[in-house]
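# Observations on the three-dimensional arrangement
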Amino acid sequence: GDGGEGAERVLYVTDAGQSVHFDQVFKAARMAGFVGDGVELRHVPFGLVQGEDGKKFKTRSGDTVRLKDLLDEAEAYATEDMRRRFEEDGRDFDAEAQRAAKVVGISAVKYADLSLNRESNYKFSYKKMLALSGNTAPYMLYAYARIQGIGRRAEAEQE
């Protein structure tokens, strides 16, 4: 064979700042005969994730932030917040509460990312993502839990 993988469509998912680069790469690849006419090459751009300062989101050392680190930090932030709320209410922060904090933290990052226009830049803020009001995963999870509780009480009253 020709060493190719036989793909009919190839998608390159990178930040929008790479658009011109990929246009040039795609044209050069076609001109050089590396890609046949029947193969679609497409750049799928996304907006930049920015720190609260408006600059490209990076670690203190200047490295790209890894998703695992973002999720771990969101979980830690949610855990700290929930632990404080439990203590204020005089409740035990047990293993079930810890699992809930993990779900809230990870859901907050996922929902914040998916709720925005893919091509728009956005400022990454744990405080906004984990807010208990507004268009956030924690607010929706809280509303869902409240609705489930109302349903359970209504069922118990009917018995």
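The structure reproduced in this document is the subject of the present report. (Residues numbered from 1 in each chain as written. Predicted model: local features only at pLDDT ≥ 70, side-chain atom pairs only at ≥ 80, totals over all residues. Heavy atoms only, no water.)

### Section: the overall build of the protein
Selection rule: Secondary structure elements are taken from DSSP: a helix is a run of H or I of four residues or more, a strand is a run of E of two residues or more, and numbering for both begins at the N terminus. In this description the radius of gyration comes from C-alpha coordinates, and the expected globular size is given by 2.2 Å times residues to the power 0.38. Partly exposed residues are those whose accessible area sits between 20% and 50% of the maximum for their type, while under 20% is buried and over 50% is exposed, using a 1.4 Å probe and protein chains only.
Looking only at helices and strands, the protein has five helices and four strands in total. Across the protein, helices and strands are ordered from the amino to the carboxyl terminus as β-α-β-β-α-α-β-α-α. Rg of the C-alpha trace for the protein: 23 Å, well past the compact-globule value of 15 Å for 159 residues, more than 25% over. Projected onto its principal axes, the C-alpha positions of the protein cover 70 × 45 × 30 Å. Residues classed as buried in the protein amount to 25% of the 159 residues present.

### What about the nonpolar core?
To keep things clear, this is the line we draw: Think of a nonpolar core as a cluster: buried Ala, Val, Leu, Ile, Met, Phe, Trp, Tyr and Cys residues, connected wherever their side-chain atoms sit within 4.5 Å.
Membership of the largest hydrophobic core comes to 18 residues, with the highest contact counts inside it found for Met-82, Phe-93, Val-109, Phe-124, Tyr-126, Met-129 and Leu-130. Of all elements in the fold, only α2 (67-88), α3 (95-114) and α4 (126-129) reach the threshold of two or more residues within this core. In this structure, Phe-22, Ala-29, Val-35 and Val-39 belong to the second largest nonpolar core, which totals six residues.

### A closer look at helix α5 (residues 137-158)
Quick reminder of the rule: Take the residue count of a helix, subtract one, and multiply by 1.5 Å to get its expected span. Residues adjacent in sequence count toward polar contacts only when both atoms are side-chain atoms; beyond that, a polar contact is any pair of N or O atoms within 3.5 Å, and within protein one must be able to donate a hydrogen and the other to accept it.
The end-to-end C-alpha separation of α5 is 32 Å, in line with the 32 Å expected for 22 residues at 1.5 Å each. Two or three places before Tyr-139, at the start of α5, stands the capping residue Thr-136, its side-chain oxygen 3.2 Å from that residue's backbone nitrogen.

### Describing the side chain of His-43
When you line up the elements, His-43 lands in strand β2 (residues 40-46). His-43 sits in the buried class, given a relative accessible area of 12%. A distance of 2.6 Å separates a polar atom in the side chain of His-43 from a polar atom in the side chain of Thr-14. Among the polar contacts listed, one links the side chain of His-43 to the side chain of Ser-19, at a separation of 3.3 Å.

### Things to note about the pairing of strand β1 (residues 9-15)
Rule in force here: In short, DSSP must find at least two bridges between two strands for them to pair. Here a crossover is taken to be right-handed if, once the strands point away from the viewer, the path from the first strand over the helix to the second is traced clockwise.
Where β1 lies against β2, seven bridges are found, and the strand directions are parallel. Bridging from a neighbouring strand, Val-13 pairs with Val-44 of β2. With respect to chirality, the unit in which β1 leads through helix α1 (residues 19-31) into the neighbouring parallel β2 is right-handed.

### Some thoughts on the side chain of Thr-136
Basically, it comes down to this: The contact rule is simple, with two residues in contact once any of their heavy atoms fall within 4.5 Å.
Tracing the backbone through its elements, the reader meets Thr-136 in the loop between α4 and α5. Within the local environment of Thr-136, its side chain forms a polar contact with the backbone oxygen of Ala-131, the two atoms lying 2.7 Å apart. Not counting residues within four places of it along the chain, the set of residues in contact with Thr-136 comprises Tyr-111, Lys-128, Met-129 and Ala-131.

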